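For reference, the chains in residue letters:
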Amino acid sequence: MEHHQLGAQASARSRPRRTVLLCCALALAFFLLAARLDLTERLTQALWRQEHWQLDELILSLLLLVLALAGFAVRRGRQVALLLAQNRALTQRLLRAQEEERCALARELHDEVGQDCTAIRAAASYILRAREGDQANVQACAASIARSSEALHAMVRTMLRRLRPPVLDSLGLAPALQALCDSWAQQHGIACHFAPHAIPDDLDDSTATAIYRLVQEGLTNVARHAGADRATVELRADAHGLLHLAIEDNGRGLRQDKTPADGFGMLGMRERVAGLRGHIRWISALGNGLRIEVALAARCAA
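For the structure given in this document, a descriptive report is provided here.

Basis of the calculations
- Residues numbered from 1 in each chain as written.
- Predicted model: local features only at pLDDT ≥ 70, side-chain atom pairs only at ≥ 80, totals over all residues.
- Heavy atoms only, no water.
- Pairing = 2+ DSSP bridges.
- Helix = DSSP H or I, 4+ residues; strand = E, 2+ residues; numbered from the N terminus.
- Axes fitted to C-alpha atoms, helices over the stretch in contact; angles between N-to-C directions.
- Contact = heavy atoms within 4.5 Å.
- Expected span 1.5 Å × (residues − 1).
- Core = buried A, V, L, I, M, F, W, Y, C linked by side-chain atoms within 4.5 Å.
- Buried < 20%, exposed > 50% of the residue type's maximum accessible area, 1.4 Å probe, protein only.
- Parallel < 35°, antiparallel > 145°, perpendicular 65-115°, else oblique.
- Left-handed = near helix turned anticlockwise from the far one by under 90°.
- Nonpolar A, V, L, I, M, F, W, Y, C, P; charged D, E, K, R; others polar.

A few points about the sheet that holds strand S4 (residues 279–284)
Phase 1 of the analysis: If you walk across this open sheet you meet the five strands as S1-S2-S3-S5-S4, and the pairing is mixed. If you trace the sheet from one side to the other, it starts and ends with strand S1 (191–197) and S4, each paired once. Across the sheet, the mean angle separating the axes of adjacent strands is 10° when strand polarity is ignored.
Phase 2 of the analysis: Each of S1 and strand S2 (230–237) touches helix H6 (residues 173–188); the most contacted strand, S1, lies at about 170° to it.
Phase 3 of the analysis: Contacting S1, S2, strand S3 (242–249) and strand S5 (290–297), helix H7 (residues 205–226) crosses the sheet at an angle of about 15° to S3.

Some thoughts on H6
Phase 1 of the analysis: Between the first and last C-alpha of H6 there are 22 Å, a value that for 16 residues agrees with the 22 Å anticipated at 1.5 Å per step.
Phase 2 of the analysis: Where H6 is buried, its residues meet helix H5 (166–170), S1, H7 and S2.
Phase 3 of the analysis: A positive backbone phi angle near 70° is found at Gly-189, which sits one or two residues after H6.

Quick notes on unusual backbone geometry
Phase 1 of the analysis: Even without being glycine, Arg-277 reaches a positive phi, approximately 60°.
Phase 2 of the analysis: Topologically, Arg-277 is positioned in the loop between helix H8 (264–275) and S4.

Remarks on the nonpolar core
Across soluble globular proteins, nonpolar side chains show a tendency to be buried alongside one another.
Phase 1 of the analysis: Counting 42 residues, the largest nonpolar core has Leu-173, Leu-177, Ile-211, Val-215, Val-233 and Leu-245 as its most contacted members.
Phase 2 of the analysis: Counting residues per element, this core draws most heavily on H7, at nine residues.
Phase 3 of the analysis: Setting aside anything within four residues of it in sequence, one finds Leu-177 in contact with Phe-194, Ile-211, Tyr-212, Val-215 and Leu-235.

Quick word on the pairing of S5
Phase 1 of the analysis: A one-sided burial pattern is seen for S5, the buried positions being Leu-290, Ile-292, Val-294 and Leu-296 and the unburied ones Arg-291, Glu-293, Ala-295 and Ala-297.
Phase 2 of the analysis: In this sheet, S5 lies alongside S3 in antiparallel orientation, the contact comprising seven bridges. Looking across to S5, one finds that Ile-247 is bridged to Ile-292.
Phase 3 of the analysis: Two elements, S4 and S5, share six bridges in a ladder whose sense is antiparallel. By the bridge assignment for S5, Ser-284 is matched with Leu-290.

Some words on the packing of H6 against H7
Phase 1 of the analysis: For the pair H6 and H7, interaxial distance at closest approach is 11 Å and the crossing angle is 15°. As summarised for this structure, H6 and H7 are arranged roughly parallel, according to the angle between their axes. Classified by chirality, the crossing of H7 by H6 is right-handed. Of the residues in H7, those in contact with Leu-173, Ala-176, Leu-177, Leu-180, Cys-181, Trp-184 and His-188 of H6 are Ala-208, Ile-211, Tyr-212, Val-215, Gln-216, Leu-219, Thr-220, Val-222 and Ala-223.
Phase 2 of the analysis: Across the contact of H6 with H7, the residue classes tally to 13 nonpolar, three polar and no charged.

Written out as structure tokens, the structure is:
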């Protein structure tokens with residue numbers, strides 16, 4: 001298997017070299033054919049007879065067109081290579097983030113669930129072996145089981161909120177965003193105002209989830225990097241069926257040596273918006289905060 005992979009990698013590395021050699025061979029063959037048949041002289045004579053149509057200028061025009069197309073192809077090739085490199089970097093970061101989240105969940109399950117399950121098992125075992133006159137200890141064990149069960153239930157609800165906010169399914173997007181802004185403001189001590197305007201009630205799940213995660217990531221970036229004391233989240237729908245999301249803070253703004261593609265959070269936001277064929281832009285005034293604007297189609301559930 002390893003030998004097969006090494007062979008495939010060697011073949012992939014040698015493919016561009018073979019392509020260049022083939023192009024050189026074709027160019028040489030055409031040169032030899034043109035030299036033998038005097039193609040340039042014959043073409044020049046044929047075009048000269050059509051001087052009144054100015055066809056003799058066609059060769060230079062075509063040459064300029066070929067050079068322009070070659071430059072365009074080189075530029076597009078560089079852009080594609082850059083996008084591929086960014087996508088590979090994003091994929092690796094997403095995989096690392098996924099693995100870190102799995103490790104965090106595994107640690108919590110081991111520390112919390114394991115501890116509570118051990119306590120419940122020990123208390124239940126004592127109750128099974130208790131004698132008739134040991135009522136006080138039996139009640140204490142039952143109370144311990146109740147406390148451990150409540151702790152397990154609270155931890156499961158916390159994990160479920162991390163994986164999928166239940167308020168998004170039960171109340172809808174606007175109340176879910178309001179609850180997110182309120183809890184974020186309470187947790188970080190930063191004032192956060194949410195302003196919804198004419199949000200459709202029948203948004204499909206992918207659009208609602210994407211907007212919720214965009215706001216979540218935007219507020220996380222404010223708390224980590226902005227140094228702000230106030231944030232605003234605005235979501236509105238226009239008459240053309242577009243949703244407009246704006247996340248703004250009064251922090252330090254985006255550094256001049258930093259672009260939106262540098263941060264993992266910003267890159268993830270851009271990819272999430274692109275997946276819904278939307279547009280995102282960052283408007284930064286150094287020392288006067290950062291504003292993130294998102295526009296995407298308001299797709300409704302069938």
